[in-house]
Amino acid sequence: MDTPSPLIVDTDGAVATWTINLPDVGNAITSTDFIAAFESAVDAVNRDLTVRAVILTGTGKIFSAGGNVKEMADRQGMFGLDAIAQRYAYVDGIQRIPRALARLEVPVIAAVNGPAIGAGCDLATMCDLRVASERASFAESFVQIGLVPGDGGTWFLQRAIGYERAAEMTLTGDRIDAATALEWGLVSCVVPHEQLLTAAGDLAARIAKNPPHALRMAKRLLQESRTGALESTLGMAAAMQPLAHHDAEHEARISRWRTT
C-alpha cells in the first residue's frame, strides 16, 4: 500500500491547492517528509508559469498544530539530539519552510480551516494572504511549553499585526479566535466553514486573472519592500517595469483597453 503524501497537490487551471495531509499528528509540519514535499511543491510552481496563485490549507479539522509535541515529549528525532546538533536540525529542518515560501514566485493564500497553533500559526503568517473559517483560531503558543518560535515566527507575526499585538500573542501564548484575528488584521475575512475554500478560490481567481510575469514581479517587489530601503525598491521597480512593458500580455491588454 502506498504511503499517503504529507502534502496533497491539486492544480486546477492557474490555481494550485496544497493540503497538509497529516491528520494523525494534527497536520504537524516538522517531519522531513513534509518539508521535502513542501519544497518540491514550491519548486514545481516556480517552474510552471501557468500557475498564478496557490491556496494552502489543512485536511480535517485543523490547519496545523505546528510541531509534533509527542515527539518532543518522547525525545524522538531531532528532539533527542544535543543542543548543538538541534541548532543545525532547525536550520536544516523547519526553517526550510519559510525559506521555500520566500522564493515562491506566486501569491499564496492560507485558507485556515481550523486551529493554527505554534508553527502552524507561523505558517499562516508566512503566506501573502489569509482567509479564515469561523472555526479557525491562532496561537503563538511556544512559551507555554517553554520554547521560542524557532521557525521565524517573530519576524512574520509582527509584520502581519504589528509589534504590540504580536508581543501579546508571543509572550502570553494565548489563543485568539477568528473574529479577533479579523479585528487585528491577521486575516482579511472570516467566512462560514463550508464556504472557506470557495472564498479562497474566489480570491485566487481574482489574482490569477492577471498576467503571470507582472504578477510574479509584483509579489517580489512587495516582499523586498517589507525590509528594503525606498531607493533600493525604486531601483528594482525601474528594472522590472521595462520587462513588463515589453511582455506580450501587457501589449495584448493595452490593445484591448484601446478598443473599449
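What counts and how
Residues numbered from 1 in each chain as written. Predicted model: local features only at pLDDT ≥ 70, side-chain atom pairs only at ≥ 80, totals over all residues. Heavy atoms only, no water. Helix = DSSP H or I, 4+ residues; strand = E, 2+ residues; numbered from the N terminus. Rg over C-alpha atoms; globule rule 2.2 N^0.38 Å. Buried < 20%, exposed > 50% of the residue type's maximum accessible area, 1.4 Å probe, protein only. Salt bridge = Lys/Arg side-chain N within 4 Å of Asp/Glu carboxyl O. Domains from an automatic or database assignment. Contact = heavy atoms within 4.5 Å. Buried area = accessible area lost by both parts, 1.4 Å probe. Expected span 1.5 Å × (residues − 1). Arc of directions from axis to C-beta. Pairing = 2+ DSSP bridges. Axes fitted to C-alpha atoms, helices over the stretch in contact; angles between N-to-C directions. 1 Å grid on protein atoms, 1.4 Å probe; cavity = no way out; pocket = protein on both sides within 12 Å on 5 of 7 lines; lining within 4 Å. Points joined across faces, edges and corners; volume = space filled by probe spheres on them. Nonpolar A, V, L, I, M, F, W, Y, C, P; charged D, E, K, R; others polar.

**Some words on the overall build of the chain**
Helix and strand content of the chain: 12 helices and nine strands. The C-alpha atoms of the chain give 19 Å as radius of gyration, which agrees with the globular expectation for 260 residues (18 Å, within 12%). Dimensions of the chain, computed from the C-alpha atoms along their principal axes, are close to 65 × 45 × 40 Å. Out of the 260 residues in the chain, the part that is buried amounts to 45%.

**Quick notes on the pattern of salt bridges**
Overall, the coordinates contain six salt bridges when judged by the stated rule. Put simply, Lys219 and Asp128 hold a salt bridge, and the shortest N to O gap is 3.0 Å. Separated by 91 residues along the polypeptide, Lys219 in helix H10 (residues 212-227) and Asp128 in the loop between helix H5 (119-126) and strand E6 (129-133) bring together distant segments of the chain. Counted as one network, the salt bridges with shared partners bring together Arg52, Glu249 and Arg253.

**Overview of the domain arrangement of the chain**
By domain assignment, the chain separates into domain 1 (7-209) and domain 2 (212-257). Computed from C-alpha coordinates alone, the two centres of domain 1 and domain 2 are separated by 27 Å. The partner domain 2 presents 11 residues to the 19 residues of domain 1 that form the contact. Counting the surface lost from both domain 1 and domain 2, the interface buries some 1,200 Å², and carbon and sulfur atoms represent 45% of this. Three residues stand out in domain 1 for area buried against domain 2, namely Leu49, Arg52 and Glu105, and they jointly supply 38% of the buried area on that side.

**Details of helix H1 (residues 32-47)**
Counted at 1.5 Å a residue, the expected span for H1 with its 16 residues is 22 Å, and the 23 Å between its end C-alpha atoms agrees. When H1 is considered as a whole, its buried residues turn out to be Phe34, Ile35, Phe38, Glu39, Ala41, Val42, Val45 and Asn46. The buried residues of H1 occupy an angular sector of 155 degrees when the element is viewed end-on, so they sit on one face. Looking at H1, the residues exposed on the side facing more than 90 degrees away from the buried face are Thr32, Asp33 and Arg47. Residues of H1 that are buried make contact with strand E1 (7-12), strand E2 (15-20), strand E3 (53-58), helix H4 (96-103), H5 and H10.

**Looking at the sheet that holds strand E7 (residues 137-139)**
Pairing is mixed in the open sheet, where three strands are placed in the order E5-E7-E8. Looking at the sheet topology across the chains shown, the edges are occupied by strand E5 (115-117) and strand E8 (175-177). Within the sheet, the average angular offset between the axes of one strand and its neighbour, ignoring direction, is 15 degrees. Pairing between E7 and E8: three bridges, direction antiparallel. Residue pairing in the sheet places Phe138 in a bridge with Ile176 of E8. Lying over the sheet, H5 contacts E5 and E7, oriented at roughly 100 degrees with respect to E5.

**So, the layout of surface pockets**
The space that makes up the largest pocket amounts to roughly 500 Å³. Looking at the lining of the largest pocket, the elements that each hand over two or more residues are H4, H5, E6, helix H6 (153-161) and H10. Looking at the lining of the largest pocket element by element, the count peaks at seven residues for H10. Looking at the second largest pocket, it is lined by 19 residues, and the ones nearest its centre are Gly67, Met72, Ala119, Phe142 and Ile145. Its residues assigned to classes, the lining of the second largest pocket shows 13 nonpolar, five polar and one charged.

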